[in-house]
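Spelled out, the chains give:
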Amino acid sequence: MKVEIFSDVACPWCYVGHARFARAARAYRDRGGSIEVTMRPFQLNPDAPAEGEPLLEALERKFGTGAGQMATRVTGVAAEDGLDLRFDRAVSANTLEAHRLIAVATGQDRGEEMAERLFRAHFTDGLNVGDPAVLAKLAAEAGVRDTGEGAAEVGEQIARARRLGITGVPLFLFEEQFAVSGAQPYETMTAAIDEVAGRFGETPIQRLGTPADGCDDGHCAV
């Protein structure tokens, strides 16, 4: 089974969804199933500066007081999944180079690991994931050799996401046919994997499950 995960390193619900899906995928593999996961890029704020700024300040400037409410809610939900989100130290920065690094890591069969490390770097460690020096350090930690390539592929995949009509993340695309959107619960992820396994080969793209928390055009569910 092939699964593409469209997400942005700067999206908190993508981090939650990634963790829940990873858990469901491990359970499926433990039962003898096979899943090939490919991380796909999506930028919620393509105009964000590479030098970075405090995330809460950037969110409050864009969304007002609702930003704090969103941060509080997603932090609590993430904690239930064992994730430590620190909005007070997170740095808002352009994620294009981070996506390029994930593309490079994917070519070395380390895409999922690289994405997880970048999520943690951004939301927990307070690191600037737009900083080349930070990315080099994180790549080394994940066992990824950065070849400097991947920019063209990232651009192509971002354009493909638009063609597919993807406007919010996370989105999990199974076999280019079945889509699960939002940070669905572990049980829903597991059910989706099992359903696709039973319906393998059907067309066209269909939505599985109901909408769940995610981010759309820079807006995150509150």
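Residues numbered from 1 in each chain as written. Predicted model: local features only at pLDDT ≥ 70, side-chain atom pairs only at ≥ 80, totals over all residues. Heavy atoms only, no water.

(A) Broad picture of the pairing of strand β6 (residues 171-174). Across the two faces of β6 the burial is the same, with Leu171 and Leu173 and Phe172 and Phe174 all buried. The pairing of strand β1 (residues 2-7) with β6 spans 4 bridges and is classified as antiparallel. Across the sheet, residue Glu4 finds its bridge partner in β6, namely Leu173. Across 4 bridges, the pairing between β6 and strand β7 (residues 178-181) is antiparallel. (Buried < 20%, exposed > 50% of the residue type's maximum accessible area, 1.4 Å probe, protein only. Helix = DSSP H or I, 4+ residues; strand = E, 2+ residues; numbered from the N terminus. Pairing = 2+ DSSP bridges.)

(B) Local environment of the packing of helix α4 (residues 96-107) against helix α5 (residues 111-123). Running from N to C, α4 and α5 cross one another at 150°; their axes reach a closest spacing of 7 Å. Taken together, the axes of α4 and α5 are roughly antiparallel relative to one another. Crossing hand, α4 versus α5: right-handed. Judged by residue contacts, Ala98, Leu101, Ile102, Ala105 and Thr106 of α4 engage Gly111, Met114, Ala115 and Leu118 from α5. Classifying every residue of the contact of α4 with α5 gives 7 nonpolar, 2 polar and no charged. (Axes fitted to C-alpha atoms, helices over the stretch in contact; angles between N-to-C directions. Parallel < 35°, antiparallel > 145°, perpendicular 65-115°, else oblique. Left-handed = near helix turned anticlockwise from the far one by under 90°. Contact = heavy atoms within 4.5 Å. Nonpolar A, V, L, I, M, F, W, Y, C, P; charged D, E, K, R; others polar.)

(C) Quick look at the nonpolar core. If you look at the biggest cluster of nonpolar residues, it comprises 35 residues, and the most contacted ones within it are Phe21, Ile35, Met114, Leu118 and Phe174. Of all the elements, α4 adds the most residues to this core, at 5 residues. Apart from residues lying up to four places away in sequence, Met114 is in contact with Leu101, Ile102, Ala105, Leu138, Ala139, Ala142 and Val144. Grouped together as the second largest cluster of nonpolar side chains are 31 residues, Trp13, Phe42, Leu85 and Phe123 included. (Core = buried A, V, L, I, M, F, W, Y, C linked by side-chain atoms within 4.5 Å.)

(D) View of the layout of surface pockets. Here the largest pocket is characterised by a volume of approximately 360 Å³. In terms of lining residues, the largest pocket is bounded by 23 residues, among which Asn45, Leu55, Ala58, Leu59 and Ser92 are the most central. Counting only elements with at least two residues in the lining of the largest pocket, the list comes to α2 (55-63) and α5. Broken down by element, the residue count for the lining of the largest pocket peaks at 6 residues, all from α2. (1 Å grid on protein atoms, 1.4 Å probe; cavity = no way out; pocket = protein on both sides within 12 Å on 5 of 7 lines; lining within 4 Å. Points joined across faces, edges and corners; volume = space filled by probe spheres on them.)

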